[in-house]
Structure formats: structure tokens, C-alpha cells
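Structural overview
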Amino acid sequence: MNRLGRKASETLIEMAPSADGEESNGPLCETLSTAGSEVPSSTEGLSSTETTLLIPDRQVQSGRRYNLFLKRRLRIDKRHQSKDSIFFRDGVRRIDFVLSYVDDLNKEWEKKLERRKEFESNLQKAGLELETEDKKESEDGKIYFVKIHAPWEVLITYAEVLNIKVPIKENDIPSMVENPLDCMLTPFRLPEKVMHPEPDYFTAPFSKEKQELYLINDESTFFSPSMRNRIVNYILTRCPYGTEEGKKKFGIKRLLNNGTYSAAYPLHDCQYWKKASDPNCDNERYTLYMEWARFLRFYKEQPLDLIRKYYGEKIGIYFAWLGFYTEMLFLAAVVGVICFLYGLFTMDENMSSKEICDPAIGGEIIMCPLCDRECEYWRLNTTCESSEYSHLFDNVATLFFAIFMGIWVTLFLEFWKRRQARLKYEWDLVDFEEEQQQLQLRPEYEAKCTQKKKNPVTQEMEPYLPLTSQAVRFCISGTTVLFWVSLIIASMIAVIVYRLAVYAAFASLMENAQTLQPISGLLTPQLATSVTASCLNFVIIMILNFIYERIAIWITDMEIPRTHMEYENRLTMKMFLFQFVNYYSSCFYVAFFKGKFVGYPGAYTYMFNRWRNEECDPAGCLIELTTQLTIVMAGKQIWGNIQEAIVPWICNWWGRRKARNNPENLYSRWEQDHDLQTFGALGLFYEYLEMVIQFGFITLFVASFPLAPLLALMNNILEIRVDSWKLTTQYRRPVAAKAHSIGVWQEILNGMAILSVVTNAFIVAFTSDMIPRLVYYYAYSESDDSPMSGYINNSLSVFLISDFPERNKPKTNPEHFVICRYRDYRYPPDHEKKYLHTMQFWHILAAKLAFIIIMEHVVFIVKFFVAWMIPDVPADVKAKIKREKYLTQKILHEYELEKLKERLCQGDKRATEKEFIATEGRMELSRAM
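Predicted model only: the values in this text are computed from it and were never measured.

Turning to the overall build of the protein chain, a few remarks are in order. Scanning the protein chain for helices and strands turns up 31 helices and 18 strands. Residue burial in the protein chain is summarised as follows: out of 929 residues, 51% are buried. In the protein chain, once contacts between residues fewer than 6 apart in sequence are set aside, the share between residues at least 24 apart is 77%. Of the roughly 44,700 Å² that the protein chain leaves accessible, carbon and sulfur atoms contribute 59%.

Given below as C-alpha cells:
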């Protein structure tokens, strides 16, 4: 079957001369002349193919060709009624890509014109077909649009180059046995045609020599639009456009950067709010919007196969991961809420807060001033309400939840590996290796590297970057990253200084302000300082984040990574390192440093010998860590959703404000998409980064805030719909890309999972009051009836006020207090070891260290045991992969055998009997394997 010959005869209409050598003025020409203003009067901007399609034959050789042409002409006229089309003017050839440019008459106008002329000429030499829309046809009268179509010959050539898998036989492997509980999930299901938009096939890499083997029913739809735009993009990124300054220049990215073109993008298949009028349109964008991108569908499953078909595997795998992560968060959120409710219901039973609130106990305990000179002595019961609220998060359930989350992280990562393995099978990514992408050099690397050497794999000469140049670039890059990390640490120190400096001001203000008296029990100076410092820290985080994003891209470009995968991995590590320090540094300070190096009255520790270090609340620092975590985490999520949803919507509304009232036939499909925002090459990178940072919040510090998974769950339910909505409605269609996993993010998540066990163990041991309470309960309690009574008095040491140096002593002591108390375990002033640590301090420290070691070992042992018990690839998927490989090999071998038989029957001497026997033997071996 000669498909190529059939394609040529059906689509190209040659211009034939008449018998008398003159052009015909018959009915066909009249039809063309009255077709409407949309038909160009000249052939400027059109390739030879477009020109022949618009010029009729003088004499039609047969009635069949006449009818075919008339049918096409009528289709053209129909197309001219609406420009909301994804086809060329002939109504047959699909628009696979669009380039746009503004013909501005500046000093580089001629140079840009030459670049475009050369680039488009080379695209046509590569086999692509172009059609230009004059700026007069555009909505604003300024923009030219170059529409690109990849004909069948180009598609099959590059499908083989890109190793694209195509169907060879419908899958006959039985589907999984239905779960009896599936009926309960019916309300959450989507229609079958949405979940599985096309049948499941056995596939094989495309080969031009074996076209008869594949299920090619229609050449125009055999390759999906996402495959087509991927192929065209591959050509665009490698097409040369001339030589400048002695260097060969190529690639659409450079032309976009230097302003030769203003945009390059594939088209959406229709408007998202209504179906296209063309019956040949799949309306997949409309389906995605109606079934996936609307918030009212938040409880429905995601149509992952349709997402993959429309946007490509790389975006599909992101939404699969995000959906799975959200599902797993549901379990963590439920357990977190239970732990929070336990703290809420046992609040009245907390002996520590009872003693603090008791006027006879907490009301009689006089605490040492929290700052020098300006602060006054205060009574312990003024922190009554904050101590009660701290019990919500600092209780026995905290320990259970910390251990649970350590195991939950392992379950999440292991079950995701299984889910990913199933997707790899279903999406034909089993044999897809990232090494294939390694062979594809970045165009920027090829352009900037002038020296060449032989590739040991391909044995071909290719460009390379000398070792000395690499070393210099890495040194500059490393120094820049180190500088910015140091800048974050410096900003964190500045926030700490702010906390130390304003505490005295808040203490003085709340002491004297009558309007704050009603809430003085809740809004303590410590809490006011913590909240304002957290807000200030969040603002600094956002500013540094905005600046560093651009710095990280610049230094990664400067390194000139060899492949796209190297580029993404390097940028990911730089951005994650920065974001890790930027977002988590303040939480690490509150969790592990605040209140740990304070000293004691008369011998306080000072930062820069000026600002006295902060102390924790008598009820512990955990409530402050909770406050810090809540503000930064919630603030980031709110700000992220504003950036992702509201900003693109405003930009698109502003860009389309003039075209909103235009009739459909004047606002073309390519113009509509041109007015949308660009989903850049790093668009998905930022989505992963946002979620991984959130993952850190709910794992690294979850012991301080059991409700963190619930906040993350609520955010992610919104995040899925926001991401799908903006991708479907606010952004141009991204170029499809393949990926078989979440890439380097998997290793980052594994590292954070291990680190989370350590951080939560330290939070329980050093930040919460659990270990000191347990030590008191088992070793120092003096009451059998109420073991925890007397704990507050036991945890506070005594200081003689007369021992205060002038630097620390308050200006006034109106009630003439003799002693004050402070949070520590030190001997009293009348002891021979005055103000030295007591034996109880060392017992508590030993218990904390022992707890860390025991908790880490228990959780790690359980983690590794769970990881060992759960296979990365489900057994049924392994069986299906083997079955499919066997059947695919059998089909290919049978095809080769049939070809050999045909050659033998035709007397082809090259097809020897030995070759025939060898092929049959290979089939038998395949069956045996």
C-alpha cells in the first residue's frame, strides 16, 4: 500500500495550462474571485503548495478531480465564515505550530527580516509547509502569523528519529478484576470516554520501513496533535537561520530572545467554554475544562489519560503525582485532626497550665524580667491562656503523630513508585530511557561550544566545553549560590535582631496601654513579637525568592549544561537549596536555637554583645514554632494561588479587552491563543518546587503542628483545580514532552523524608516540654495521687534580685521583690554550687539524647522494613509488561517472516533460505523466553 503516492494525489492540485494557452475564465475562477475578502489577492507569504491550492486548473482531467476541487473550494468558503479554525485555508492541513512577529521599522528591521526569510526557507527545506496571515488580517493590524503544518512525510521521518511508539495491535490483556468496593466510588468517577479517550494498544517504535505493520486508519489523525507539535518543535529548535559573527545561528529560542519572532506556540483545539463548529475537532480542551478544570469538580478523579493525550506525558505525570500526593494527605490529615482533638479535649486536664493559671501558684510566682532595664518583674499567671493553647500541640499525641508521619512519608514514596510504574506501562514509557534524551544536545550548547571531539557512544564529532572553561563557570556559579545563601542567613539574623530589639518595646507598650488590657492574657509580648517577626520574615522570603529565581536561571545558563535534563537538574538543585534555606531557616531557628542559649539572670548571653538572646515562654517554644510555621506556610499558599490564578487572569483580560466584542470570524484561533500567557519551559518546574516546599513543611516540622497536613490537603484540592484551570483557560498550549518519572524531585523527596525523622525527633526532645515532664513524672514527682503536681515550680530556678548587675537590673521594683524565677534547672543562690546546673538538668539532657536515638532507630527500622515489603512495581504490571513484550516481538517477527516469504515467492535472491530459517528460529526463541 503506497500511502505516500495516495497522499500526494489527494492533496496537491497542479496548475494546468489550457488548450489555447490562456487562463480559464470559467465557473471555478468565478468561484475563487467571489470567495470573500479573506482569500489573499497575491501569493505573498505563501509557499508553493498554498499557491497551487488557490489556483484552479484550466482544464480538469476528470470528473473526479473536478468534484474533489469543488468540494475543497466549498470547504474553503465555509472556513472563511469563521477564523476560529485549526486548519490552513484549504480546510485540510492542520496547523501544528504558529509563529508570530511584529514588523517594526527599527534599526534592526532588515536584519530581522533576513533572519525570518532564511529561517522560514530552511523550515520549508526541512519539509514543513507554511502559510502566512498578513497583519491586515490580525485584530490589532500589527501582527503577522506564520502557520506551520507538518506533512505525513515529515511526521514519519521524525517519529523514527524521536523513537515515538505507535499502535500495532489492540491490547487483548484482560483488565484488572473489579473491586467490590468500586460501587462506593461511583460519585467520584468520571465518564469512561473521558477517563479513557482512546483504546489501549500494543505499541512499537515507529519505523518508515514497516508502515504496513501499524494501525494507520487515517494519516491526518494517526499522530495525535501533541505528537505533531512535539515533532515540529524539535525541528524549530534545530533549524538554522544564518551565520552571525562567524558563528552558525539556529533555533527558535534565539529568534524569540532577539525579537525576530514574538511568540511560538501550538494551538488549542477549540475554545474552552464551547465546542468547535468543525466536526473534525476533538474538542479535548472543552472536555478538560468541563470535567477537570472547574472547581465544582474538585471531588472527581482526574482524567489522566486525556491530560496526557492533550498536554503530553510530562504534564500528565505531574498531575498524577499531585493527585496521588493529595490522596495520601487525606490519611495524614485525619490522624492530625484526631491528635489535635485529643489536645483540645484534654486541655482541662493539663496540670502544667492549671498550676500556671492558679492564683495561689502561678499568681505567686514572680518571674525575672525578659529584657534589660526596661522590662519589669511579672507574675507567671499572666501567661495562663497561652499555656493552655500550647497544650493543643504539646502533648503525648505529638510523639505519636511524629512517629506516624515518619512512617507515612515512607508509605507515600513507596506507593507512588508503584503508581508511577503502572503509569509507565499504561503510557508506553517502559522502554523510555532518559539516556535517549542525553543524546539530544541543547541547541544553546551546540551554538556556544565551538570545539569538537568524538562522542565515544555515537562515534560522531560533537561540540564540547573544555574542562578549564567548565571549572571557571562552576566556580562562579558556586560562589554566587554561596553568596545568596549567606544573604538569606544574614536576613534571618536581621529578623532575629528585630525580635530582640522590639521585645522591650512591646513589653512596655502592653504594660502601659489600657486598650490592650482585655487581651493581655492572650496577646503576650512574646506572641506579639513572634507574629510580627514571622510576617516580616515572610515578606523578606518573597522578595529574596523573586530576585534569586532570576539569578539561578542566569548562572545555570552561564554553566552551559549539555542536555535539557542536565539543565533542569542543575537548576532544580540550585533553586531547591535556596528555597530550603529561605523558607525553613526561621523555623529551624525557633525550633532548635531560640531559648537554648540564654544563660541565666546576671550572666545572660548576648548577640553581638548588644542584644540579649530570646527566652521561650514558660510553657515552651512549641507554640511559637506553630505560629511561625502557620504564617509562613499559609502565607506562601495564599500568595502562590494569587500568583497562579489571579495574575494570569488579569493579564489576559487586559490583553483581550479590545477583542472581547469582536465577532468570531474576526478573532482567529491563533490570535486567541496569542493573547494568552506563556507556559514556559520552567512552568512545571515551579509547580513541583511549590509542592516540594509544602511537603517539607508538613514533614520536617509536623510534630509542632498536627493540622499542617489538613492545611496542605485543603490547599492541594484547590491547587489541582487552579493549575488545571490556568493551564486550560489562561495559558497557551504547552509543547508536549515525554517523561517517565518526576525526575530529580524523587531524590529530593527521599532526602527530606530521612531528614524529617531527625528534625521531628529533635523537636519532640528539645522544643517541646514532653521529655522534662516525663523525667519529672518518673524520677522527681513527690505526689502519688497527682504525679505532675509541682512540675512548674520544679522547672523554675530561683535568682536573688540583689545579684543583678546594673546592666540587667530593672529600673524600678515597686513591690520590693527579693527573688525572681527563671526557666532552667540551676541551684538556688544559697547553695554551694550557686547557679550551676543541677543533676536534674543532666538527667533531662541524657533522656533527650536517648529519646532521639531510640526514636530515630525505631522509625528508620520501620521505614526500611516497609520499603522492603512493598515492591516498586506491582506484580500484575510486571506480568503485563512481559506479556506485551512477548506479543510485540511476536508481531514484529511474524511481520518480518511474511516479508521474507513474499521476497522468496518473488524470486528475490537476497532472501535466502538460511535467512528464512534464522527468522523462524528467532520466533521460537522469543516464545521460549
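The subject of this paragraph is helix α24 (residues 683–700). Taking 1.5 Å per residue, 18 residues should reach 26 Å; α24 reaches 26 Å between its end C-alpha atoms and fits that length. In terms of burial, α24 is a largely internal element, 17 of the 18 residues being buried.

The next subject is the environment of T626. Looking at where T626 falls in the secondary structure, it is placed in helix α22 (residues 622–655). Ignoring any residue separated from it by four or fewer positions in sequence, one finds T626 in contact with F393, S704 and F705. Separated by 2.6 Å, the side chain of T626 and the backbone oxygen of S704 make a polar contact.

We now examine the sheet that holds strand β2 (residues 129–133). Spatially, the four strands line up as an open sheet ordered β2-β3-β1-β8, and their pairing is antiparallel. Of all strands in the sheet, those with a lone pairing partner are β2 and β8 (263–265), marking the two edges. The sheet shows a mean angle of 15 degrees between the axes of neighbouring strands, direction not considered. Of the strands in this sheet, β1 (97–102), β2 and β3 (143–149) touch helix α5 (residues 109–125), which is tilted by about 165 degrees from β1. The sheet strands contacting helix α9 (residues 225–236) are β1 and β3, and the helix crosses β1 at an angle near 45 degrees.

Among the five residues in β2, five count as buried, and that is most of the element. Neither face of β2 is exposed, since E129, E131 and E133 on one face and L130 and T132 on the opposite face are all buried.

Moving on: the packing of helix α16 (residues 396–426) against helix α26 (residues 744–767). The interhelical angle for the contact between α16 and α26, taken along N-to-C directions, is 170 degrees, at an axis separation of 9 Å. For the element pair α16 / α26, the angle class is roughly antiparallel. Residues T398, L399, A402, V409, L413, W416, K417 and Q420 of α16 lie in contact with α26, whose contacting residues are Q746, L749, N750, A753, N760 and V764. Considered class by class, the residues forming the contact of α16 with α26 number eight nonpolar, five polar and one charged.

This part takes up the nonpolar core. Formed by 139 residues in total, the largest nonpolar core has its most connected members in W321, Y325, W408, F412, Y584 and F697. Ranked by residue count, the leading element in this core is helix α13 (residues 313–345), at 16 residues. For F697, the residues in contact, after removing those within four places along its chain, are Y583, Y584, C587, L629, V632, M633, K636 and V702. Core analysis: the second largest hydrophobic core is formed by 46 residues, L128, Y234, L236 and V877 among them.

One can find T572 in helix α21 (residues 564–592). Of note is the side chain of T572, whose polar atom sits 2.6 Å from the backbone oxygen of E568. Look past the residues within four positions of T572 in its chain and what remains in contact with it is F685, V744, W745 and I748.

Right, let's get into the side chain of N350. With respect to the helices, strands and loops of the structure, N350 is situated in the loop between α13 and α14 (351–357). Residue classification places N350 among the buried residues on the basis of a relative accessible area of 11%. A distance of 3.1 Å separates polar atoms of two side chains, one belonging to N350 and the other to S353.

This part takes up the confidence of the model for the protein chain. Per-chain confidence: the protein chain averages 80 in pLDDT, with 83% of residues scoring 70 or above. Segment residues 1–81: pLDDT under 50, and 105 contacts once partners within four positions in sequence are set aside and those in other chains are kept.

Next up on the list: the environment of W152. Structurally, W152 can be placed in helix α6 (residues 152–161). Note on W152: relative accessible area 2%, which makes it buried. The sequence separation of W152 and S220 amounts to 68 residues, and the corresponding C-alpha distance is 7.7 Å.

Relative to the 24 Å expected for 17 residues at 1.5 Å per residue, α5 spans 24 Å between its end C-alpha atoms, a close match to the ideal helical length. Those residues of α5 lying buried are K112, R115, R116, F119, E120, N122 and L123. Down the axis of α5, the buried set is contained in an arc of 160 degrees. They therefore lie on one face. Exposed and oriented more than 90 degrees from the buried face of α5 are E110, E114, K117 and K125. Among the structural elements, β1, β2, β3, α9, β6 (240–244) and α10 (252–257) are those in contact with the buried residues of α5. Phi turns positive one or two residues past the end of α5, at G127, with a value near 105 degrees.

Even without glycine at this site, D428 takes up a positive phi of about 60 degrees. Tracing the chain through its elements places D428 in the loop between α16 and α17 (434–438). Positive phi, normally seen in glycine, also occurs at N609, with a value near 60 degrees. You can see N609 is positioned in the loop between β15 (606–607) and β16 (611–612).

Attention now moves to the state of the cysteines. Tallied over the entire structure, the rule returns three disulfides. Sulfur-sulfur distance for the disulfide between C368 and C820 comes to 1.9 Å. The sign of the 85 degrees torsion about the S-S bond sets the C368-C820 disulfide as right-handed. Placement of the pair is C368 in the loop between β9 (366–367) and β10 (378–379) and C820 in strand β18 (residues 819–823), with a sequence separation of 452 residues. With its sulfur 1.6 Å from that of its partner, C371 forms a disulfide with C375. The sign of the 100 degrees torsion about the S-S bond sets the C371-C375 disulfide as right-handed.

Here we come to the pattern of salt bridges. On inspection of all chains with the given rule, the structure shows 34 salt bridges. Between E559 and K574 there is a salt bridge, with the nearest N and O atoms lying 2.9 Å from each other. Highlighted residues: E559 in helix α20 (residues 525–559) and K574 in helix α21, separated in sequence by 15 residues. Under the relative-accessibility criterion, K574 is labelled buried at 10%. Among the ionic pairs, R823 bridges to D769, the shortest N-O distance being 2.5 Å. With R823 in strand β18 and D769 in the loop between α26 and α27 (770–780), this pair connects stretches of sequence that are 54 residues apart. When its relative accessible area of 31% is taken as the criterion, R823 is described as partly exposed. For D769, a relative accessible area of 5% puts it in the buried group. Members of the salt-bridge network, linked through shared partners, are R89, E131, E133 and K147.

Cut-offs applied
Residues numbered from 1 in each chain as written. Predicted model: local features only at pLDDT ≥ 70, side-chain atom pairs only at ≥ 80, totals over all residues. Heavy atoms only, no water. Helix = DSSP H or I, 4+ residues; strand = E, 2+ residues; numbered from the N terminus. Buried < 20%, exposed > 50% of the residue type's maximum accessible area, 1.4 Å probe, protein only. Contact = heavy atoms within 4.5 Å. Areas by Shrake-Rupley, 256 points an atom, 1.4 Å probe, with all protein chains shown as cover. Expected span 1.5 Å × (residues − 1). Polar contact = N/O pair within 3.5 Å; in protein donor to acceptor, adjacent residues only side chain to side chain. Pairing = 2+ DSSP bridges. Axes fitted to C-alpha atoms, helices over the stretch in contact; angles between N-to-C directions. Parallel < 35°, antiparallel > 145°, perpendicular 65-115°, else oblique. Nonpolar A, V, L, I, M, F, W, Y, C, P; charged D, E, K, R; others polar. Core = buried A, V, L, I, M, F, W, Y, C linked by side-chain atoms within 4.5 Å. pLDDT = per-residue confidence, 0-100. Arc of directions from axis to C-beta. Disulfide = S-S within 2.5 Å. Salt bridge = Lys/Arg side-chain N within 4 Å of Asp/Glu carboxyl O.

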